[in-house]
Amino acid sequence: MSESLVPSRPQSRRPHVVIIGGGFAGIAAAKALGHCEADVTIIDRRNHHIFQPLLYQVATAVLAPADVAAPIRQLSARQKNVSVLLAEVIGVDLASRTVEIKYPGAGDKRVAFDYLVVAAGVQSSYFGHNEFARYAPCLKTITDAQTIRSKILSAYEMAESTDDDDDDERRRQMTFVLVGAGPTGVELAASIAQMATTTLRANFRRIDPATTSIFLLDGAKRVLPSFAESSSVRAAQRLAKLGVKVITGALVENIDDKGVTVGGKRIDSGTVLWTAGVSPSQIVKMLGATTDRAGRACVGPFLNLADAGGIFVVGDAATLIQDGRPLPGVAQVAIQQGRYVGRFIAREIGGGKPPRPFRYFDKGNMAVIGKNFAIMESGRVKLAGIIPWFIWAFLHVMFLPQLQNQRRVQNQWFWSYFTGQRSSRLVDEAPRI
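The following paragraphs examine the structure supplied in this document. Only a predicted model underlies this, so the values are computations on that prediction, with no experimental measurement involved.

Analysis parameters
- Residues numbered from 1 in each chain as written.
- Predicted model: local features only at pLDDT ≥ 70, side-chain atom pairs only at ≥ 80, totals over all residues.
- Heavy atoms only, no water.
- Helix = DSSP H or I, 4+ residues; strand = E, 2+ residues; numbered from the N terminus.
- Rg over C-alpha atoms; globule rule 2.2 N^0.38 Å.
- Buried < 20%, exposed > 50% of the residue type's maximum accessible area, 1.4 Å probe, protein only.
- Contact = heavy atoms within 4.5 Å.
- Areas by Shrake-Rupley, 256 points an atom, 1.4 Å probe, with all protein chains shown as cover.
- Lys, Arg positive; Asp, Glu negative; His and termini not counted.
- Charge placed at Lys NZ, Arg CZ, Asp CG, Glu CD.
- Pairing = 2+ DSSP bridges.
- Axes fitted to C-alpha atoms, helices over the stretch in contact; angles between N-to-C directions.
- Parallel < 35°, antiparallel > 145°, perpendicular 65-115°, else oblique.
- Left-handed = near helix turned anticlockwise from the far one by under 90°.
- Phe/Tyr/Trp six-rings, centres within 6.5 Å; stacked < 30°, edge-to-face > 60°.
- Lys NZ or Arg CZ within 6 Å of the ring centre and 35° of its normal.
- Patch = residues over 30% accessible without salt bridge, like charges linked within 9 Å, V, L, I, M, F, W, Y side chains within 5 Å.
- Salt bridge = Lys/Arg side-chain N within 4 Å of Asp/Glu carboxyl O.
- Expected span 1.5 Å × (residues − 1).

Remarks on the overall build of the chain
Stage number 1. Helix and strand counts for the chain come out as 11 helices and 27 strands.
Stage number 2. For 433 residues, the compact-globule estimate of 2.2 N^0.38 gives 22 Å, and the chain sits close to it at 23 Å.
Stage number 3. Across its three principal axes, the chain shows a C-alpha extent of roughly 75 × 55 × 45 Å.
Stage number 4. Within the chain, buried positions represent 51% of all 433 residues.
Stage number 5. Relative to all contacts within the chain whose residues are 6 or more apart in sequence, the contacts with residues 24 or more apart total 65%.
Stage number 6. Looking at the chain as shown, the accessible area adds up to about 20600 Å², and 52% of this sits on carbon and sulfur atoms.
Stage number 7. Separation of charge centres in the chain, based on 51 positive and 38 negative side chains, amounts to 9 Å.

As structure tokens, this is what we get:
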């Protein structure tokens with residue numbers, strides 16, 4: 001039974017900043033408000049922040065969930081003006097400047113704000129075919145990663161237990177199809193390939209994991225379409241060397257419990273994974289703001305909504321044109337935007353001059369494709385091979401949310417690098433999708 005909706009805010013008379021979302025952008029905004037004379041409330045459905053770039057390594061048993069996640073509440077211990085609410089946002093009223101939230105099993109409530117920062121991120125999009133979700137899980141949360149890990153490992157267990165005279169079923173179980181050849185799809189496909197040929201090579205008696213078939217599908221003309229064509233070619237060559245079969249320029253027509261139909265051809269598979277498109281959080285619609293074709297809020301040069309003072313949208317939920325192109329939906333954009341908005345609000349509350357309009361500083365793009373190989377682009381510099389792979393590893397360790405995450409990941413990577421083993425090869429008891 002729901003509680004009556006009663007406006008709620010901190011007891012102090014200081015300005016109240018509400019941040020929806022505890023991802024890269026939301027956390028960056030909260031940290032930038034650390035020395036501001038304001039109360040900050042972070043609202044998120046989950047109690048943890050996920051280091052999204054390494055989530056695929058949880059899905060492929062390289063890392064454990066705790067290695068890539070950190071409690072959002074740890075920010076409250078470090079920053080006295082921050083509070084955290086574990087709740088779901090179900091409404092935003094800009095007129096009354098309140099956010100309606102739903103607590104798990106505890107009813108509804110309204111939280112008043114003076115400033116609102118929407119950093120709600122994105123959700124997976126099946127491009128109008130939501131029925132695919134039943135058979136092809138996406139990779140956005142820790143739960144998703146654990147589901148995918150269980151599906152991958154269970155596929156080999158089921159292949160091992162298949163009758164000797166049923167080669168077709170054994171082959172189907174050891175065929176993996178990934179839909180979407182962006183960074184997530186490329187990295188996930190390469191990681192599965194190396195797990196099959198190295199980690200699992202001596203673990204079974206009736207099957208040879210090295211005979212695994214991996215298909216990477218995309219409707220675009222090449223893999224990694226957000227990278228330069230030369231980098232895309234190098235990535236495709238590396239994937240081919242790992243045994244990944246790339247099919248581009250073909251749209252997926254159907255996905256069921258037995259496989260995929262793409263470009264009029266059937267691929268029988270026991271494990272289909274969705275690494276394709278995304279769509280903004282439904283919270284963007286609650287704002288009533290102008291949106292682009294993808295549904296992201298169109299923000300001004302200060303990352304605010306037009307005709308709505310003190311309302312900001314940052315990260316993947318927002319679209320901003322810079323140099324004639326929309327900014328990409330990557331972590332660095334979210335971090336820089338969140339930090340900018342936090343400082344903007346702090347200056348305004350402190351009576352200072354507003355900063356210059358936001359401008360994204362592009363530090364480059366990276367994608368890792370298996371052991372000892374990554375591609376990196378930064379301005380005119382384009383690298384591929386082991387050097388960008390070490391740069392990638394160093395940067396990702398340094399940007400993990402906690403020191404303990406950094407130490408655990410570093411130790412696990414060293415061990416896995418020299419032994420080829422993966423320590424988180426656990427199959428959850430939950431039934432397979």
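Topic: the pairing of strand β17 (residues 265-268)
Stage number 1. As paired strands, strand β16 (residues 259-262) and β17 are joined by 4 bridges and run antiparallel to one another. Looking at β17, one finds that Gly 259 is bridged to Asp 268.
Stage number 2. What sits between the antiparallel neighbours β16 and β17 is a turn of 2 residues, in which Gly 263 has the positive phi angle 55°.

Overview of the packing of helix α1 (residues 24-32) against helix α9 (residues 331-349)
Stage number 1. It is the contact of α1 with α9, at a shortest axis distance of 7 Å, that shows an interaxial angle of 30°. In terms of orientation, α1 lies roughly parallel with respect to α9. As α1 packs across α9, the resulting crossing turns out to be right-handed. Taking contact as the criterion, the partners of Phe 24, Ala 25, Ala 28, Ala 29 and Ala 32 in α1 are, on α9, Ala 331, Ala 334, Ile 335, Gly 338, Arg 339, Gly 342, Arg 343 and Ala 346.

Structural notes on the packing of aromatic side chains
Stage number 1. Using the criterion set out here, one finds 14 aromatic pairs in the structure.
Stage number 2. Taken together, a centroid distance of 5.7 Å and an interplanar angle of 50° make the contact between Phe 302 and Phe 344 tilted. Taken as a pair, Phe 302 in the loop between β20 (297-298) and β21 (311-313) and Phe 344 in helix α9 lie far apart in primary sequence, 42 residues in all.
Stage number 3. On the basis of relative accessibility, which here comes to 25%, the residue Phe 302 falls in the partly exposed class.
Stage number 4. Its relative accessible area of 10% is what places Phe 344 among the buried residues.
Stage number 5. Through pairs of rings, three or more aromatic residues link up here, namely Phe 302, Phe 312, Tyr 340, Phe 344 and Phe 358.
Stage number 6. One residue, Lys 245, lies across the ring of Phe 215, its end atom 5.4 Å from the ring centre.
Stage number 7. In this arrangement the basic side chain of Lys 371 is found over the ring face of Tyr 417, its NZ or CZ atom lying 4.3 Å from the centre.

Some thoughts on the pairing of strand β26 (residues 374-378)
Stage number 1. Of all 5 residues that make up β26, 4 are buried, and the element is covered over most of its length.
Stage number 2. Two elements, strand β25 (residues 365-368) and β26, share 4 bridges in a ladder whose sense is antiparallel. Across the sheet, the residue bridging to Ala 367 is Ile 375, located in β26.
Stage number 3. Hairpin connection between β25 and β26: a loop of 5 residues separates the two successive antiparallel strands, and Gly 370 in this loop has a positive phi of roughly 80°.
Stage number 4. Two strands pair when backbone bridges link them, and β26 and strand β27 (residues 381-385) are joined in this way by 5 bridges, in the antiparallel orientation.

Focus: a positive patch on the surface
Stage number 1. Together, Lys 31, Arg 78, Arg 339, Arg 343, Arg 347 and Lys 363 make up a positively charged patch on the protein surface.
Stage number 2. It is α9 that provides the largest number of residues to the positive patch, a total of 3 residues.
Stage number 3. You can see Arg 339 is positioned in helix α9.
Stage number 4. You can call Arg 339 partly exposed: its relative accessible area is 33%.

Notes on a nonpolar patch on the surface
Stage number 1. Taken together, the side chains of Val 381, Leu 383, Ile 386, Ile 387 and Phe 390 define a hydrophobic patch exposed on the protein surface, amounting to about 440 Å² of accessible area.
Stage number 2. For the nonpolar patch, the secondary-structure elements that each account for two or more residues are β27 and α10 (386-398).
Stage number 3. The partly exposed category is assigned to Phe 390, whose relative accessible area is 45%.

With respect to unusual backbone geometry
Stage number 1. With a phi angle near 50°, Phe 127 is a residue other than glycine that sits in the positive phi range.
Stage number 2. Looking at where Phe 127 falls in the secondary structure, it is placed in the loop between β11 (122-124) and α4 (142-161).
Stage number 3. Despite not being glycine, Leu 303 shows a phi value in the positive range, around 65°.
Stage number 4. Note on placement: Leu 303 falls in the loop between β20 and β21.

Remarks on α4
Stage number 1. Counted at 1.5 Å a residue, the expected span for α4 with its 20 residues is 28 Å, and the 29 Å between its end C-alpha atoms agrees.
Stage number 2. Counting buried residues in α4 gives 14 out of 20 residues, a clear majority hidden from the surface.

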